[in-house]
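Architecture and fold: a report
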Amino acid sequence: MSMYDDIEKVLISEEEIDARIRTLAAEMNAVYSDEDLPLLVCILKGAFMFLSDLVRHLDFRHEVDFMEISSYGAATKSSGVVRILLDLASSIEGRNLVIVEDIVDTGHTLHYILRNLKTRNPESLRVATLLNKPSRREIDVPVDFVGFKVPNEFVMGYGLDYAQQYRNIPFVGVLKPEVYRDTED
């Protein structure tokens, strides 16, 4: 049995992701220049594929750093409890930051990240996310660059996981409910 057998449907194809990332990069290229030297902060683990493909289409100088945040564990819904597992390697004071997220769901994780980073006095703070799930939003958070709006379904693939698996699926899909039914809240 293949991991692909666990997928109920493809929500966003590999080709659609590639095309939209090129468009997002063009939007960012219109905002930033070499002089801005933004720091792209990849939120691990889910956003690593999005970041990797995004930076290939950026026309301005930038730097990259990583944060790892925990809010899901092995569940299919955010716990609302947010912890920093890996913090930035350098000071962000006076820097232009772009948070690179895989998905903005309830808003709790992003709200925590933004609140935390604002205390470090960046020059600017914007958010780029591959997926936006506004139907689950509990906290209003700003999202400047959005790849796709997705319905309230448990999505995985293209960096997003279920129990640390399925990240390598090249598209965004929905798992069959029987795969995750036993771990839901």
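Scroll up to find the structure this text is about.
The notes below deal with the structure included here. Computed from a predicted structure; not experimentally measured.

Cut-offs applied
By convention here, each chain's residues receive numbers from 1 onward along its written sequence. The predicted nature of this model means local features are confined to residues of pLDDT at least 70 and side-chain atom pairs, given and counted, to a pLDDT of 80 or more, with totals for whole chains, interfaces and linings taken over all residues. Side-chain numbers here rest on the full set of heavy atoms in the structure, without hydrogens or water. Patch membership requires over 30% relative accessible area and the absence of a salt bridge. Like charges are linked within 9 Å, and nonpolar side chains (Val, Leu, Ile, Met, Phe, Trp, Tyr) within 5 Å. Each accessible area is a Shrake-Rupley result for a 1.4 Å probe, and residues are judged covered by the shown protein chains and nothing else. For salt bridges, the criterion is a side-chain nitrogen of Lys or Arg within 4 Å of an Asp or Glu carboxyl oxygen. Strands are runs of DSSP state E lasting at least two residues, helices are runs of H or I lasting at least four, and both sets are numbered from the N terminus onward. When accessible area is computed with a 1.4 Å probe and restricted to protein chains, residues below 20% of their type maximum are described as buried, those above 50% as exposed, and intermediate ones as partly exposed. In this scheme, strands are said to pair when DSSP sees at least two bridges between them. What counts as a ring pair is set by centres within 6.5 Å for rings of Phe, Tyr and Trp (its six-membered ring), and what kind of pair is set by the plane angle: stacked under 30 degrees, edge-to-face over 60, tilted for all other angles. Angles shown run from 0 to 180 degrees and are taken between the N-to-C directions of axes, each axis being a line fitted to C-alpha atoms and, for helices, limited to the stretch in contact. By the definition used in this description, the sense in which the near helix is turned from the far one sets the handedness, with an anticlockwise turn below a right angle giving left-handed and a clockwise turn giving right-handed. Contacts are residue-level and defined by heavy atoms, with any inter-residue pair within 4.5 Å sufficient. Side-chain classes are defined by residue name, with Ala, Val, Leu, Ile, Met, Phe, Trp, Tyr, Cys and Pro counting as nonpolar, Asp, Glu, Lys and Arg as charged, and the others, Gly among them, as polar. The term polar contact refers here to a pair of N or O atoms within 3.5 Å; inside protein, the definition further demands a hydrogen-donor-capable atom paired with an acceptor-capable atom, and it admits residues adjacent in sequence only when both atoms are side-chain atoms. Handedness of a crossover is defined as follows: orient the strands so they point away from the viewer, and if the path from the first strand over the helix to the second runs clockwise, the crossover is right-handed.

1. Observations concerning a nonpolar patch on the surface
A contiguous nonpolar surface patch, about 310 Å² in accessible area, is contributed by Val64, Phe66, Leu85 and Leu86. Mapped by element, the contributors of at least two residues to the nonpolar patch are β3 (63-70) and β4 (83-86). One can find Val64 in strand β3. The class for Val64 is partly exposed, based on a relative accessible area of 36%.

2. Section: the sheet that holds strand β9 (residues 172-175)
Within a sheet, adjacent strands bond to each other through the backbone by hydrogen bonds, running parallel or antiparallel. Spatially, the three strands line up as an open sheet ordered β1-β9-β8, and their pairing is antiparallel. The outermost strands of the open sheet, each flanked by one partner alone, are β1 (7-12) and β8 (155-156). As judged from the two bridges shared by β8 and β9, these two strands associate in the antiparallel manner. Bridge assignment links Val155 to a residue of β9, and that residue is Val174.

3. Describing the pattern of salt bridges
For the structure on display, the rule yields eight salt bridges. Residue Arg56 is joined to Asp53 by a salt bridge in which the shortest nitrogen-to-oxygen separation is 2.8 Å.

4. Quick look at the packing of aromatic side chains
Two descriptors summarise a pair of aromatic rings, namely the distance from one centre to the other and the angle between the planes of the rings. This model, assessed by the stated rule, comprises five aromatic pairs. Where Tyr4 meets Phe171, the ring centres are 6.3 Å apart and the plane angle is 45°; that geometry is what we call tilted. In this pair, Tyr4 is assigned in the segment before β1 and Phe171 in the loop between β8 and β9, connecting sequence segments 167 residues apart. Feature note: the residues Phe154, Tyr162 and Tyr180 constitute an aromatic cluster, connected by ring pairs.

5. As for the packing of helix α1 (residues 14-31) against helix α2 (residues 48-55)
Look at α1 against α2: their axes get within 9 Å of each other, and the N-to-C directions meet at 65°. Like other packed secondary-structure pairs, α1 and α2 cross with a definite hand, here right-handed. Contacts from Ile21, Leu24, Ala25 and Met28 of α1 reach α2 at Phe50, Asp53 and Leu54. By residue class, the composition of the contact of α1 with α2 is six nonpolar, no polar and one charged.

6. Quick notes on the environment of Ile69
In this structure, Ile69 sits in strand β3. Put simply, Ile69 and Val150 are 81 residues apart on the chain and 22 Å apart in space, counted from C-alpha to C-alpha. Ignoring sequence-local partners within four residues, the contact set of Ile69 consists of Ile43, Leu44, Val82, Arg83, Ile84, Thr109 and Ile113.

7. Things to note about α2
Taken as a whole, α2 has its buried residues at Met49, Phe50, Leu51 and Leu54. Where α2 is buried, its residues touch α1, β2 (39-44), β3, β5 (96-104) and β6 (124-132).

8. Looking at the sheet that holds β6
Judged by pairing direction, the sheet is mixed, and its six strands sit side by side in the order β4-β3-β2-β5-β6-β7 without closing on themselves. Each end of this open sheet is capped by a strand with a single partner; those strands are β4 and β7 (145-149). Each strand of the sheet is rotated relative to its neighbour by a mean of 30°, with strand direction disregarded. As paired strands, β2 and β3 are joined by six bridges and run parallel to one another.

9. Overview of the side chain of Asn132
Inspection of the secondary structure assignment puts Asn132 in strand β6. You can call Asn132 buried: its relative accessible area is 12%. Separated by 2.4 Å, the side chains of Asn132 and Arg137 make a polar contact. In this structure, Asn132 is in contact with Val104, Arg137, Val146, Phe148, Lys149 and Val150, ignoring residues within four places of it in sequence.

10. A look at the pairing of β2
For β2, the buried fraction is high: five of the six residues fall into the buried class. Remark: the β2/α2/β3 crossover connection has right-handed handedness. Bridge analysis of β2 against β5 gives four bridges, and the strand direction is parallel. Residue Val41 lies in a different strand from β5, and its bridge partner there is Ile99.

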